[in-house]
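Chains, contacts and geometry: an overview
Letter by letter, the chains look like this.
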Amino acid sequence: MTDQSPAERYAAARENREHPQTHAFAEAQRFRLDDFQVEACRALEGGRSVLVAAPTGAGKTIVGEFAVHLAMQTPNQKAFYTTPMKALSNQKFRELQDVYGEDEVGLLTGDTNINGDARVLVMTTEVLRNMLYADSPALRGLRYVVMDEVHYLADRFRGAVWEEVIIHLPSEVRLVSLSATVSNAEEFGDWLDTVRGDTDVIVSETRPVPLEQHVLVRGDLLPLFDDRAGVATAQVNQELVRMRGGQAFAANSSFLEARRGGRRRGGYHRPGPPRRAERIDRPEVVALLERSNLLPAIFFIFSRVGCDAAVQQVRRSGLRLTTAEERREIREIVQARTAALPDEDLAALGYFEWVENLERGIASHHAGLLPAFKEVVEELFQRKLVKAVFATETLALGINMPARTVVLEKLEKFNGEARVALTSGEYTQLTGRAGRRGIDVEGHAVVQWSEGMDPQAVAGLASRRTYPLNSSFRPTYNMAVNLIDQFGRERAREVLESSFAQFQADRAVVGLARQVKDAEESLAGYEKAMTCEHGDFAEYSGIRRDLSDLERLNSRDVTAGRGTREKRQREINGLRRRMQRHPCHRCPDREKHARWAERYWKLRRQTDKTRRQMENRTGTVARVFDQIIDVLTTLDYVRLEDDEATLTAAGRRMRRIYGERDLLVAESLRTGIWKNLDAPSLAALACCLVYEPRGRDDGGADPRSLPRGAFRLALAETEDLWARLDDLEQDNRLSGTEPVATGLAAAMHLWARGGLLDRVLLEADMAAGDFVRWAKQTIDLLDQLSLVADGELARTARRALDAVRRGIVAYSSV
């Protein structure tokens, strides 16, 4: 700071006096806060909410931690820290415990409840939404809410929850929204300012650790950009462009040569014969990165099978990345973290082979991995004991696992339906893991060369840092009954109109209205240009247009019957007579006027279409809400009197039923079709309601494999009920839900009866991590049933929950 002028030093001292909490907090950190972090902290200290949009790894969470710090400075104030994933919540829970102690920090993630009365609570966003609707006592004293990864509100399955929380939080709560760098941060900030009050938007485009971009061609890392041209120009390396054209490349024009001292960075020369651009095996890539001091590295492979296969390839090659001392430390950590898991389960999970891979310094990381195993991989990677992780893109979603290098084998992935190219936002999220603050001078992103690769397209992904944040908000049945209960129908519609979805739609309407206004001016000009002294040329051109359209239809529609074609021909003859009798038909400038008329009618059609778009976008969210109310009224969850809505007993129960199938669950409880189920059968049926098959799997099981007796009858009645509800939703222009998926029912029934893990996984035909995830979602639904169902069914739900929550499902690292 010695290079500051006296005026700058005076201004800094004044800022520190005006923001003593920010100054004290910054002084206590291990590193100097960046400008955007200081700006955000000062805004919070000034009593304003903040939206912070910055690249992955930039240190956004420090702003959230400052909000917690502020709450802890005032007795009786609370701070909630929300995340989109349980793994993120667990991680943040441990970090905050280290700072404030076990007594002050709690964790709520649906299946975990630790110290729920603490002043600092870490939770998933859904938990906070449920607390708001239930008016939980834990909300008293709440001053700050941190919404980490707030860009999740664009998620089409869960995004609405973020908007619900933002809209319904008490007005006195200050909101800290932490987002990836999005291109419309100002728009999102404007909405936050509208619904939450004073909100500062703070955007940083700067990565704390610079990122070097490379393309791996055989055994060489070529720079993606020609650094001789200067960073600002971002010119693609011409050698890569020549390779796209089918030319071979020269061996020594590489980053590795520079790193090994073979050439000065930015100097290009080509000794040696040209070689073909072939891909090299994964073990060779890992060994190359090790020799070049570019480990630890994350290899993003967009399939679980591919991740596991990569680990096996490296293992079979004999490559070992660890020392004897590191292997001893790995064994100690693994044994300590998995001590609670039964030995017979470890054998079924391939534990011993997994440990051997870890001791080599390699691991996979994907959703199919047991959560306990994933947490071990994350810890070992953070401790620099595991050096190469082969992961799916789920690793990029907020978990704190920065690496020196990120490798992308392909620039496309399977989205469940087809192979699609990565977006610039996805590329940024993945490569954002490269470069560890305080450890690396620079991070490295490596894209492996493949036939047909376009270097310009790769450069485009690497150059565009942002992607738009678009709302996925839509009303649900649960949301509707909670809003009616709290506000009544009209006020509920107003609340929904304040959603980000409607805010964006309204902004779009402003743009569309501007288009209509400009078009109207042009239409007036066209109308003037086609004015004819013989008569109304607009009318005449309308007849000509109708005639032309009908003639075209009659000539193309070869399937029309004789009667239809004769009827059309009579209409054509009539229009032709009208056209010939019209005064403008005799105008010598008729064709000149007609050219202007053609432009007029073309623009008129476009303008009418734009007007319809405006009408459709205005009040879209409230219209869906009205359709939902119509369904709820038909089923007697809501009663309407003089356009005022009140809840029935069934409607009041629905307030506490959350999830995609809220209506189906509520109707099943009301009709009593589950009352004869025992605990394993209820667990299996609950699993059918939460399970979502992957990819093209239709989710159906062989009917012969399903549990017998009461389960099959209840399932048949549930499927019949779903079909009737789906018809009702279609009648009310609602999209409905997917059919009940029975694919995991037999396995869940076996597990709830105490079956061994290896038999259950064989029956499920899925990875352990997937089974645990669906089991925990089954537990969430059973927990709701235990609270809202009547009498014996509630007790059965509790017994089913306890039967499912055992072994690897019950394991928790916190």
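What comes next concerns the included structure. (Residues numbered from 1 in each chain as written. Predicted model: local features only at pLDDT ≥ 70, side-chain atom pairs only at ≥ 80, totals over all residues. Heavy atoms only, no water.)

The secondary structure content of the protein chain amounts to 34 helices and 21 strands. Per-residue burial over the protein chain gives 53% buried out of 814 residues. Of all intrachain contacts in the protein chain linking residues separated by at least 6 positions in sequence, the fraction that spans at least 24 positions is 74%. Taken as a whole, the protein chain presents about 37,500 Å² of accessible surface, with 47% of it coming from carbon and sulfur. (Helix = DSSP H or I, 4+ residues; strand = E, 2+ residues; numbered from the N terminus. Buried < 20%, exposed > 50% of the residue type's maximum accessible area, 1.4 Å probe, protein only. Contact = heavy atoms within 4.5 Å. Areas by Shrake-Rupley, 256 points an atom, 1.4 Å probe, with all protein chains shown as cover.)

What follows concerns the packing of aromatic side chains. Scanning the model with the defined rule gives 16 aromatic pairs in all. Aromatic side chains Y600 and W601 sit 5.2 Å apart centroid to centroid with 85 degrees between the ring planes, which places their arrangement in the edge-to-face category. Each member of the pair, Y600 as well as W601, carries the same accessibility label: buried. Taken together, the ring pairs in this structure connect F188, W191, F500 and F503 into an aromatic cluster. Cation over ring: R143 sits above Y144, and NZ or CZ is 5.7 Å from the ring centre. Sitting over the face of the ring of W751, R806 holds its NZ or CZ atom 3.6 Å from the ring centroid. (Phe/Tyr/Trp six-rings, centres within 6.5 Å; stacked < 30°, edge-to-face > 60°. Lys NZ or Arg CZ within 6 Å of the ring centre and 35° of its normal.)

This brings us to the packing of helix α2 (residues 20–27) against helix α3 (residues 35–45). For the pair α2 and α3, interaxial distance at closest approach is 8 Å and the crossing angle is 140 degrees. Relative to α3, α2 is oriented oblique. Here α2 runs over α3; the crossing is right-handed. Only V38, C41, R42 and E45 of α3 make contact with α2, whose side of the interface consists of P20, Q21 and T22. Residue composition of the contact of α2 with α3, grouped by class: three nonpolar, two polar and two charged. (Axes fitted to C-alpha atoms, helices over the stretch in contact; angles between N-to-C directions. Parallel < 35°, antiparallel > 145°, perpendicular 65-115°, else oblique. Left-handed = near helix turned anticlockwise from the far one by under 90°. Nonpolar A, V, L, I, M, F, W, Y, C, P; charged D, E, K, R; others polar.)

Before going further, it helps to spend a moment on the sheet that holds strand β3 (residues 105–108). Strand order in the open sheet formed by eight strands is β4-β3-β5-β2-β6-β7-β1-β8, and the pairing between neighbours is mixed. Lying at the two open borders of the sheet, with one neighbouring strand each, are β4 (113–114) and β8 (199–203). Looking at chain direction, strand β1 (residues 49–53) and β8 are connected through five bridges and run parallel. Note on β8: the bridge partner recorded for V50 is D200. Helix α4 (residues 61–72) rests against β1, β2 (78–83), β5 (120–124), β6 (142–147) and β7 (174–179) of the sheet, and its axis sits at about 155 degrees to β2. Relative to the sheet, helix α8 (residues 185–196) contacts β1, β7 and β8, its axis offset from that of β8 by approximately 165 degrees. (Pairing = 2+ DSSP bridges.)

Among the nonpolar cores identified, the biggest contains 178 residues, and F188, L358, F373, L632, W674, L744 and F771 are the most heavily contacted of them. In this structure W674 touches V665, S668, L669, L682, L685, L689, A714, T718, L785 and L793, once residues within four positions along its chain are discounted. In this structure, L44, V68, A79 and V120 belong to the second largest nonpolar core, which totals 33 residues. (Core = buried A, V, L, I, M, F, W, Y, C linked by side-chain atoms within 4.5 Å.)

An order of β10-β9-β19-β16-β13-β15-β14 is seen for the seven strands of this open sheet, with the pairing classed as mixed. Both outer strands of the open sheet, β10 (220–223) and β14 (362–365), are each paired with one neighbouring strand and no more. Each strand axis lies, on average, 25 degrees off the axis of its neighbour in the sheet, ignoring direction. Relative to strand β19 (residues 443–448), strand β16 (residues 405–408) runs parallel, the two sharing four bridges. Bridge assignment links V407 to a residue of β19, and that residue is V446. Those strands touched by helix α16 (residues 371–382) are β13 (297–300), β14 and β15 (388–391), and its axis lies near 130 degrees from that of β14. Where helix α17 (residues 424–431) meets the sheet, it contacts β9 (211–217), β13, β16 and β19, and its direction lies at approximately 140 degrees from that of β16.

All right, on to empty space enclosed by the protein then. As enumerated under the stated definition, the model contains four cavities of 30 Å³ or more in all. The wall of the largest cavity is formed by Y477, E660, R661, D662, L663, L664, W722, L725, E729 and T737. The set of elements that each furnish at least two residues to the lining of the largest cavity consists of α27 (662–671) and α29 (710–731). (1 Å grid on protein atoms, 1.4 Å probe; cavity = no way out; pocket = protein on both sides within 12 Å on 5 of 7 lines; lining within 4 Å. Points joined across faces, edges and corners; volume = space filled by probe spheres on them.)

Moving on, we get to the pattern of salt bridges. Here the structure, examined in full by the defined rule, presents 37 salt bridges. Between E325 and R328 there is a salt bridge, and its shortest N-O distance comes to 2.2 Å. Here E325 pairs with R328, and both are found in helix α13 (residues 324–337), just three residues apart, close to one helical turn. Between R544 and E591 there is a salt bridge, with the nearest N and O atoms lying 3.2 Å from each other. Here R544, found in helix α22 (residues 537–556), pairs with E591, found in helix α24 (residues 590–617); they are 47 residues apart in sequence, far enough to count as distant. Residue class for R544 comes out partly exposed when judged on its relative accessible area of 25%. On the basis of relative accessible area, E591 is assigned to the partly exposed category, the value being 38%. In the salt-bridge network here, residues are joined through shared partners; they are E329, R337, E379 and R383. (Salt bridge = Lys/Arg side-chain N within 4 Å of Asp/Glu carboxyl O.)

Turning our eyes to something else, we now look at helix α7 (residues 159–168). Each α-helix turn comprises 3.6 residues. Residues three or four places apart therefore point the same way. Extensive coverage of α7 is indicated by the burial of 10 of its 10 residues. If you check which residues of α7 are buried, you get G159, A160, V161, W162, E163, E164, V165, I166, I167 and H168.

Note that all results are geometric; they support no functional claim without further evidence.
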